[in-house]
Amino acid sequence: PLTLPNPTPALAVLLLVSCTAAVPIPDPDYSRPRPRSQAELAFVKALFNRIQPRSIAENSEYCGYLGLNAAGEFVSTEPRRGSESGCSLWGAPRDMQVLASYHTHGAFDLAYDTEVPSADDLRGDIIDGVDGYVGTPGGRIWVDAAQSGHALLLCDVGCIVSDPGFRRDIDYPLQHIFTLADLQERQGR
């Protein structure tokens with residue numbers, strides 16, 4: 001077994017991510033109204049499974065907010081249709097305690113790096129100060145952790161509805177965690 005003397009919180013998160021991508025990863029640097037949980041991930045999966053087929057068929061991003069209602073239950077706004085490469089959010093309802101934004105990446109397309117959050121996705125979530133869930137054509141779920149500035153893979157290929165045309169790119173492997181600088185380098189910015 002691997003033992004490390006007093007790992008830092010960031011290293012502990014990295015080790016957790018590299019060991020299992022199916023468990024929600026808490027971001028130790030971020031104080032949210034409610035910590036990420038299996039229940040939240042289950043809600044996010046159900047939400048993406050509902051909108052992925054339309055997003056893929058139309059090759060359009062869909063976006064919205066998820067949060068808690070007055071009873072402390074998970075709720076989301078209706079998905080808003082964007083374009084092939086973006087989706088603009090409007091303000092969240094006043095009766096929702098926002099936990100995160102969410103958006104899909106449309107259909108699989110070799111012209112776009114759709115299997116990871118874009119640098120713009122992560123930058124926008126950092127600026128807005130709210131986490132962001134991203135569903136990919138391959139069926140992955142990422143979370144952009146706004147406070148720490150990392151994109152974390154929560155579950156891998158096939159976790160949610162995926163594009164039948166999706167193909168893994170063996171020449172362009174994915175990490176389980178990206179910083180903004182990593183994504184900018186990966187996407188040539």
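Residues numbered from 1 in each chain as written. Predicted model: local features only at pLDDT ≥ 70, side-chain atom pairs only at ≥ 80, totals over all residues. Heavy atoms only, no water.

## Describing the packing of aromatic side chains
- A full pass over the atoms with the stated rule returns four aromatic pairs.
- Aromatic side chains Phe108 and Phe166 sit 5.4 Å apart centroid to centroid with 80° between the ring planes, which places their arrangement in the edge-to-face category. Here the residue Phe108 occupies a position in the loop between β4 (97–104) and α3 (119–128), and Phe166 occupies one in the loop between β7 (150–155) and β8 (177–179), the gap between them amounting to 58 residues.
- Above the plane of the ring of Tyr62 lies Arg54, whose end atom (NZ or CZ) is 4.7 Å from the centre. (Phe/Tyr/Trp six-rings, centres within 6.5 Å; stacked < 30°, edge-to-face > 60°. Helix = DSSP H or I, 4+ residues; strand = E, 2+ residues; numbered from the N terminus. Lys NZ or Arg CZ within 6 Å of the ring centre and 35° of its normal.)

## Observations regarding the state of the cysteines
- Under the defined criterion, the tally for this structure stands at two disulfides.
- Each sulfur of the disulfide joining Cys63 and Cys87 lies 2.1 Å from the other. Its S-S torsion of about -70° marks the bond between Cys63 and Cys87 as left-handed, since a negative value means left-handed. You can see Cys63 sitting in strand β1 (residues 62–68) and its partner Cys87 sitting in the loop between β3 (80–81) and β4, a full 24 residues away along the chain.
- Judged by its relative accessible area of 2%, Cys63 falls in the buried class.
- What pairs with Cys155 in a disulfide is Cys159, and their sulfur atoms sit 2.0 Å apart. An S-S torsion of about -75° defines the bridge between Cys155 and Cys159 as left-handed. (Disulfide = S-S within 2.5 Å. Buried < 20%, exposed > 50% of the residue type's maximum accessible area, 1.4 Å probe, protein only.)

## What to know about the layout of surface pockets
- Approximately 610 Å³ is the volume found for the largest pocket.
- Around the largest pocket, the lining comprises 29 residues; the ones closest to its centre are Glu61, Ser85, His103, Ser118 and Asp121.
- For the lining of the largest pocket, the elements supplying multiple residues, two or more each, are β1, β4 and α3.
- In terms of residues, the lining of the largest pocket owes the most to one element, α3, which gives five residues.
- Classifying every residue of the lining of the largest pocket by side-chain character gives nine nonpolar, eleven polar and nine charged.
- The computed volume of the second largest pocket comes to approximately 300 Å³.
- Forming the boundary of the second largest pocket are 17 residues, of which Glu115, Arg168, Asp169, Tyr172 and Arg186 lie nearest the centre.
- Residues belonging to the lining of the second largest pocket are distributed by class as follows: eight nonpolar, one polar and eight charged. (1 Å grid on protein atoms, 1.4 Å probe; cavity = no way out; pocket = protein on both sides within 12 Å on 5 of 7 lines; lining within 4 Å. Points joined across faces, edges and corners; volume = space filled by probe spheres on them. Nonpolar A, V, L, I, M, F, W, Y, C, P; charged D, E, K, R; others polar.)

## Points about the pattern of salt bridges
- The final tally for this structure, using the stated rule, is six salt bridges.
- The closest approach of N and O atoms between Asp131 and Arg36, which form a salt bridge, is 2.7 Å. Taken together, the residues Asp131 in strand β5 (residues 131–135) and Arg36 in the loop between α1 (9–19) and α2 (38–58) connect sequence positions 95 residues apart.
- Classification of Arg36 by relative accessible area gives buried; the value is 11%.
- Its salt-bridge partner being Glu115, residue Arg140 comes within 2.7 Å of it at the nearest N-O pair. With Arg140 in the loop between β5 and β6 (141–145) and Glu115 in the loop between β4 and α3, this pair connects stretches of sequence that are 25 residues apart.
- Judged by relative accessible area, Arg140 falls into the buried class, the value being 7%.
- Among the charged side chains, a network of salt bridges with common partners joins Glu115, Arg140 and Asp156. (Salt bridge = Lys/Arg side-chain N within 4 Å of Asp/Glu carboxyl O.)

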